[in-house]
Amino acid sequence: MRLALLESLLNRHIAASSEARSLCRRLGTKTLALHIQGLPLSLYFLVDGQRLQLTTDHGGSTDASLSGSPLSFLRLMGQAPEGAVRTGSIQINGDAEVAQTFSELLRQARPDLEEELARYIGDVAAHQIGNAARSTLDFVQRSGRTLAQNVTEFLQEEGRDAPNRTEADELMTGVDRLRDDVDRLAARLDQLERQRLR
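The rules behind these values
- Residues numbered from 1 in each chain as written.
- Predicted model: local features only at pLDDT ≥ 70, side-chain atom pairs only at ≥ 80, totals over all residues.
- Heavy atoms only, no water.
- UniProt positions renumbered as here; feature names shortened; annotations may be inferred.
- Helix = DSSP H or I, 4+ residues; strand = E, 2+ residues; numbered from the N terminus.
- Core = buried A, V, L, I, M, F, W, Y, C linked by side-chain atoms within 4.5 Å.
- Buried < 20%, exposed > 50% of the residue type's maximum accessible area, 1.4 Å probe, protein only.
- Contact = heavy atoms within 4.5 Å.

- As recorded in an unreviewed UniProt entry, the protein goes by Ubiquinone biosynthesis accessory factor UbiJ and comes from Steroidobacter denitrificans.
- Entered under Subcellular location (unreviewed entry) in the UniProt record, the comment concerning the protein runs "Cytoplasm".
- Recorded under Sequence similarities (unreviewed entry), the UniProt text for the protein is reproduced unchanged: "Belongs to the UbiJ family."

Quick look at the structure:
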């Protein structure tokens, strides 16, 4: 039921966008799977050239699949979705171009939740709810950043359980220097061994 509602909403936005319709035609009959780690749930996006179908049960093969945690998938819906892929929190299998095209299609078809809400409760109420939701999300994001910063500072400064940036850089420089010294020593030992065998 919920998938049918989301599917209908996405298809309405696809029908209203020439770019989204073009992406559907380009995908043809491709399939994308989303495997959500930690949950017994996979979501399949199937295209028939004109419409998008959503299902949790797909017996056929897929052209591309994305795997990641629920939080990683939330990052995909944010302002910089490529960051989730770049950091490795989302793994792509199969045809990366198909995955990218689906990503673009879903971005084009993504509904404006405030606009959708306004259809049922009116513009003013939807705008107020949208502002409250944005404020709450902003507060949660700021709180998360502050918490992460406080934990990092505690681990680095108070508990001395983690190195700070300068200490980590010094360690990496020392490791690089040691590796170079070991390589030079190994080359020198090889040279001495060859001379001894002559």
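### Topic: the UniProt feature "coiled-coil region" (unreviewed entry) in the protein
Link 1 in the chain: Those residues carrying the UniProt feature "coiled-coil region" (unreviewed entry) are residues 168–195 in this numbering.
Link 2 in the chain: Span residues 168–195 is 100% helix and 0% strand, its end C-alpha atoms 41 Å apart.

### Considerations on the nonpolar core
Link 1 in the chain: Counting residues in hydrophobic clusters, the biggest one holds 23 residues, and the most contacted among them are Leu32, Phe45, Leu52, Phe102 and Leu105.
Link 2 in the chain: Only α1 (2–16), α2 (18–27), β1 (31–36), β2 (41–47), β3 (52–55), β4 (64–68) and α5 (96–109) provide two or more residues apiece to this core.
Link 3 in the chain: Take this core: its biggest share by element is five residues, from α5.
Link 4 in the chain: If we skip the residues at most four places from it in the chain, Leu105 touches Ile14, Ala20, Leu23, Cys24, Leu27, Val47 and Leu52.

### Thoughts on the environment of Cys24
Link 1 in the chain: Counting through the fold element by element, Cys24 comes out in helix α2.
Link 2 in the chain: Spatially, the C-alpha atom of Cys24 lies 7.6 Å from that of Asp48, the residues being 24 residues apart in sequence.

### A few points about the side chain of Glu104
Link 1 in the chain: Turning to its location among the elements, Glu104 is positioned in helix α5.
Link 2 in the chain: Judged by its relative accessible area of 16%, Glu104 is buried.
Link 3 in the chain: Sequence-distant contacts of Glu104, that is, excluding residues within four places in its chain, are made with Glu19 and Leu23.

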